[in-house]
Amino acid sequence: MNYTETLDYLFSSMPSFQQVGGDAYKPGLERISEFCRSIGNPQRNYFVIHVAGTNGKGSVSNMLAAVLQQAGYQTGLFTSPHLTDFRERIRVNGEMIPKQKVVNFVDRHKAEMERLQLSFFEMTTAMAFDYFAQSDVEVAVIETGLGGRLDATNIVQPVISVITNIGLEHTEYLGDSLPKIAREKGGIIKKCTPVVVGEKNTNYNLVLEEIAADMHSELIYATEAFSLGECGFEGDKQVVTLNRMRDGYPYQLRLDLLGEYQRQNLATVATVLDRLHEQTPLSISRRAFVEGVREVTALTSFRGRWQVLSDKPLVVCDTAHNEHGIAEVTKQLNVRTNSGRLLCVMGFCEDKDFSKMLAQMPCDAHYIFTQASIRRAASLEKIAEVATSLGLDFEVAPTVEDALAKAKEILTEDDMLFVGGSTFVVAEALPLVALFD
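These numbers were taken from a predicted model, which means no experiment stands behind them.

Draft legend 1. A look at the overall build of the protein. Secondary structure summary: the protein contains 18 helices and 17 strands in total. Over its C-alpha trace the protein gives a radius of gyration of 21 Å, about what one expects of a compact globule, namely 22 Å for 437 residues. Its C-alpha atoms give the protein principal-axis dimensions of about 55 × 55 × 40 Å. By the burial criterion, 59% of the 437 residues in the protein qualify as buried. Sequence-distant contacts, at least 24 apart, represent 72% of the contacts inside the protein between residues at least 6 apart. A total accessible area of about 17,300 Å² is found for the protein, and carbon and sulfur atoms account for 47% of it. Averaging the positions of the 42 positive and the 57 negative side-chain charges in the protein gives two centres separated by 4 Å.

The structure is reproduced here in structure tokens:
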């Protein structure tokens, strides 16, 4: 098979959660464990940082990878979902896995993957583990897919675990309350292995603390390790001041990720790096930290998080796709400095509670609702019903391209356009940026 045929095979014979939702969800570690044993347990060949959480885990993973690269380590990065190219999921020092490596892996292991009936995500996880071993990776940042305890990535033995935060998402699989979801995500905590928790919350603190105590693992809250000082923006960077609580040591950092919610993610990253430097063989200098977070997008090709696509008019996209994430995006939309109107091109997945998401969005904006070209897309009829009940000013467009074309017709240089609601809407919008040139 060539690369295109290989992808067709993977997406058709092993449906992905990205494409079909819950029909692709296969919890449990038996299949991935057996498969990885059959290929030599490649995940044991390098240090691993394991990252879970409801929101921010992609940002934290990319920031960590950027700093580790700047520290001189051969660094693997496994994230999901991808935006425009399957190979975005698997990177070494910011470079995507070569197409031929994808083809070779499937050709070599197709029979065993079919025998074990691996899910798409299990196959992708194993491919990443194998490619990192082939590439002489020294440290890999591994982002969980859905949950943690039964996630395919949870066969790793990390040097540190990270849980960014806990929110209500995928309740049909993870539980219908924050404590239940925390127990699932807390399943990545390993015996005698420190875990950093990004956000302290009385709704789930005790659950995570209980798991950590049972595993004899130190639990560190980022909010107790680093405090946020003065923050602002300078040109194409945001300036964030962090103070290390144990000794008052100050860091003034320039971050190329412009979402204000990234400040807390940065504190989580700082806490992880501090523990790595102090308690593991990995050495992370202050210079590597400063330079790594300044150039995250250049080092890891990270996209889709409060990404500015155009300046005049201002066009911003963000992949926030749940109530917790949209709340953070809305905070920044509410303090926008442009003098004109706010337009929003948005679509959602049908398995998300988009009524709660829309209820948080600015009520003075004009909305153009659309559908990404995936089976999981919420229907325009259902979105319109919710928008009408909320009293929003809106129209609809059948495709993301049509929605952006409508937006271009009415945008002025003083207006702002926000694109989001779904990772898949953003993915389809990114190649269409030229519409606004």
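Draft legend 2. Representation of the sheet that holds strand S11 (residues 250-255) in the model. Strand order in the open sheet formed by three strands is S9-S10-S11, and the pairing between neighbours is antiparallel. Single-partner strands in this sheet number two, and they are strand S9 (226-234) and S11. Strand after strand, the sheet turns through a mean of 20° between neighbouring axes, direction not considered. Contacting strand S10 (237-244) and S11, helix H12 (residues 286-294) runs over the sheet at an angle of about 30° to S11.

Draft legend 3. Geometry of the packing of helix H8 (residues 178-185) against helix H9 (residues 205-214). Where H8 meets H9, the axes come as close as 8 Å, and the angle between the chain directions of the two elements is 30°. Looking at the two axes, H8 sits roughly parallel to H9. In terms of crossing hand, the pair formed by H8 and H9 is right-handed. Mapping the contact onto sequence places Pro179, Ala182 and Arg183 in H8 and Val207, Leu208, Glu210 and Ile211 in H9. Split by residue class, the contact of H8 with H9 holds five nonpolar, no polar and two charged.

Rules and cut-offs
Residues numbered from 1 in each chain as written. Predicted model: local features only at pLDDT ≥ 70, side-chain atom pairs only at ≥ 80, totals over all residues. Heavy atoms only, no water. Helix = DSSP H or I, 4+ residues; strand = E, 2+ residues; numbered from the N terminus. Rg over C-alpha atoms; globule rule 2.2 N^0.38 Å. Buried < 20%, exposed > 50% of the residue type's maximum accessible area, 1.4 Å probe, protein only. Contact = heavy atoms within 4.5 Å. Areas by Shrake-Rupley, 256 points an atom, 1.4 Å probe, with all protein chains shown as cover. Lys, Arg positive; Asp, Glu negative; His and termini not counted. Charge placed at Lys NZ, Arg CZ, Asp CG, Glu CD. Pairing = 2+ DSSP bridges. Axes fitted to C-alpha atoms, helices over the stretch in contact; angles between N-to-C directions. Parallel < 35°, antiparallel > 145°, perpendicular 65-115°, else oblique. Left-handed = near helix turned anticlockwise from the far one by under 90°. Nonpolar A, V, L, I, M, F, W, Y, C, P; charged D, E, K, R; others polar.

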